[in-house]
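A structural walkthrough
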Amino acid sequence: MGTVMVTDTSVLILLVFLFGLGTWLAWLIPVGGQGRSASVNAICAIAQSAPFSIWIEQDENVVWKNDFCMRHLSDQNVPFLGRAEFERSKALNPKGINEVYDLKSARSKAAGSYSIQSQKIGDKTVYYAQDASALVETDNALRRFVQTLADTFAHLPIGLAVFDKKRDLTLFNPALSNLLGLAPDWLARQPSMRSFLDRLRNDGAIPEPKDFATVRHEFAELESGAFTGTYEVDWALPSGHIYRVTGRPHPQGGAALLFEDISRRAALESKYRAELRQLYAAFESLSGAVAIFDQAGELAYANDGFDALWECSLSSSVSPTTMNDVSRVFQKQSEPTPVWGELRNFVNDLTERSQWQANVALRNGRAISMTVSPIADGYVFCEFQETATKSIESQMAS
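Anyway, here's the lowdown on the structure attached to this text. (Residues numbered from 1 in each chain as written. Predicted model: local features only at pLDDT ≥ 70, side-chain atom pairs only at ≥ 80, totals over all residues. Heavy atoms only, no water.)

This brings us to the overall build of the chain. Assigned secondary structure in the chain consists of 13 helices and 16 strands. Burial analysis of the chain (398 residues in total) assigns 38% to the buried set. Looking at the chain alone, contacts between residues at least 24 apart form 40% of all its contacts between residues at least 6 apart. Per element, the accessible surface of the chain, about 23,100 Å² overall, is 53% carbon and sulfur. (Helix = DSSP H or I, 4+ residues; strand = E, 2+ residues; numbered from the N terminus. Buried < 20%, exposed > 50% of the residue type's maximum accessible area, 1.4 Å probe, protein only. Contact = heavy atoms within 4.5 Å. Areas by Shrake-Rupley, 256 points an atom, 1.4 Å probe, with all protein chains shown as cover.)

Structure (structure tokens):
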């Protein structure tokens, strides 16, 4: 046998039809049973054979019910009491479907939950009840999934705020409350993104703007940016904290905002840059030429003395300069020597290394002594000092 797929649209059309049918039933079906026309009999047959429960109540008593209702909601020894048999379902979340009800007492052939709608016709009320067990289970599964996500992100140090396509907050973790000083009970009320940002502004948890127009513009940028995946900015707060705020889009129009406290990292980076500036300033004061290569084999630093010695401008180069680029400069300015090949191998070799020296004769008649030293993190330090030409010639002669 084939499987019949019943869509939400078809169910809705059927319910609308049966609402109209309920009007006919309430007015045209005599409870005691009188003569009926052929059209009334046809309508009654349709309602009687409907694939879900229909019943009519008058003065809170069931005065009529269809076959489906009798088979599933009426036991042989326990009469069906109608709407009084149901209570509003507590399984669905507050934003769930309000027309879902649970049976107070289990019946052998009845489902546990029903979607019930009603229509008042005079002194009668027509009820339509459809099995909602799948709907309740789907909602429960969704809630379990959201709870799993919440548990997963509970220990994440980055604040997480997930907004749905209506831009209401649907998920957050404890770090969000801790970082931004937002009360968990307020977040649990699922504020909109605009209310969320307004609250941050009022609490001083966003950078201090010059005027309100700037605030609105920044909020619009954040809101639109988060929903296209283009928003990423560092917030320097008046408190001294620095938050990296990132907006990422989610399927079906949702978005997530990530708040990461990078204050410590920013302070360390600032201290590191200050130390580098001091170190480079010390290198600039040296009389000799200095170059530093990183572990990728690129020129990380060169002082002005390096440019003067090798007649180049590598110290101010914007694009990355590799060891091969530098060695071509060396070969152009020096007499043929295997030293540059050895230097290339040394820079590119990250195994255990030790300091070594070499003497090189330049094409302009000058001579230099090169000292190569491995330093921390795979870097290589090279120092070039000019030497007496005679000492080089005597070494070469010997």
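Right, picking up where we left off after that structure.
Moving on to the sheet that holds strand S3 (residues 86-88). Spatial ordering of the open sheet is given by S2-S1-S6-S5-S4-S3, a layout of 6 strands whose pairing is antiparallel. Lying at the two open borders of the sheet, with one neighbouring strand each, are strand S2 (61-65) and S3. With strand direction ignored, the average angle separating the axes of adjacent strands in the sheet is 40°. Relative to strand S6 (residues 124-131), strand S1 (residues 53-58) is paired through 6 bridges, and the arrangement is antiparallel. (Pairing = 2+ DSSP bridges. Axes fitted to C-alpha atoms, helices over the stretch in contact; angles between N-to-C directions.)

To continue, consider helix H4 (residues 133-153). Its 21 residues place the ends of H4 30 Å apart at the C-alpha level, agreeing with the 30 Å of an ideal helix rising 1.5 Å per residue. For H4, the complete set of buried residues consists of Val136, Asp139 and Asn140. An end-on view of H4 places all buried positions within 100° of arc, on one side of the element. Within H4, the exposed residues directed more than 90 degrees away from the buried face are Ala134, Thr138 and Thr152. The inward-facing, buried residues of H4 abut strand S4 (100-103) and strand S5 (113-121). (Expected span 1.5 Å × (residues − 1). Arc of directions from axis to C-beta.)

Per the stated rule, a full pass over the model turns up 15 aromatic pairs. Here the aromatic rings of tryptophan 55 and phenylalanine 86 are separated by 6.0 Å at their centres, their planes lie at 5°, and the arrangement is stacked. Here tryptophan 55 is found in strand S1, whereas its partner phenylalanine 86 is found in strand S3, with 31 residues between them in sequence. Neither residue differs from the other here; tryptophan 55 and phenylalanine 86 are each classed as buried. Over the ring of tryptophan 186 we find arginine 199, and its NZ or CZ is 4.5 Å from the ring centre. (Phe/Tyr/Trp six-rings, centres within 6.5 Å; stacked < 30°, edge-to-face > 60°. Lys NZ or Arg CZ within 6 Å of the ring centre and 35° of its normal.)

Okay, unusual backbone geometry next. With phi around 60°, aspartate 59 is a residue other than glycine that occupies positive phi space. Here aspartate 59 shows up in the loop between S1 and S2. On the accessibility criterion, aspartate 59 (62% relative accessible area) is exposed. Although it is not a glycine, aspartate 377 adopts a positive phi angle of roughly 60°. Relative to the assigned elements, aspartate 377 resides in the loop between strand S15 (367-374) and strand S16 (380-387). Assessed through its relative accessible area of 63%, aspartate 377 is described here as exposed.

This paragraph deals with the pattern of salt bridges. Pairing between side chains of opposite charge can happen when the charged atoms of each approach one another. Within this structure, the stated rule accounts for 8 salt bridges. Its salt-bridge partner being arginine 144, residue glutamate 137 comes within 2.8 Å of it at the nearest N-O pair. The class of arginine 144 is partly exposed, set by a relative accessible area of 46%. A salt bridge links arginine 265 to glutamate 260, with the nearest nitrogen and oxygen atoms 2.5 Å apart. By relative accessible area, arginine 265 is classed as partly exposed at 35%. (Salt bridge = Lys/Arg side-chain N within 4 Å of Asp/Glu carboxyl O.)

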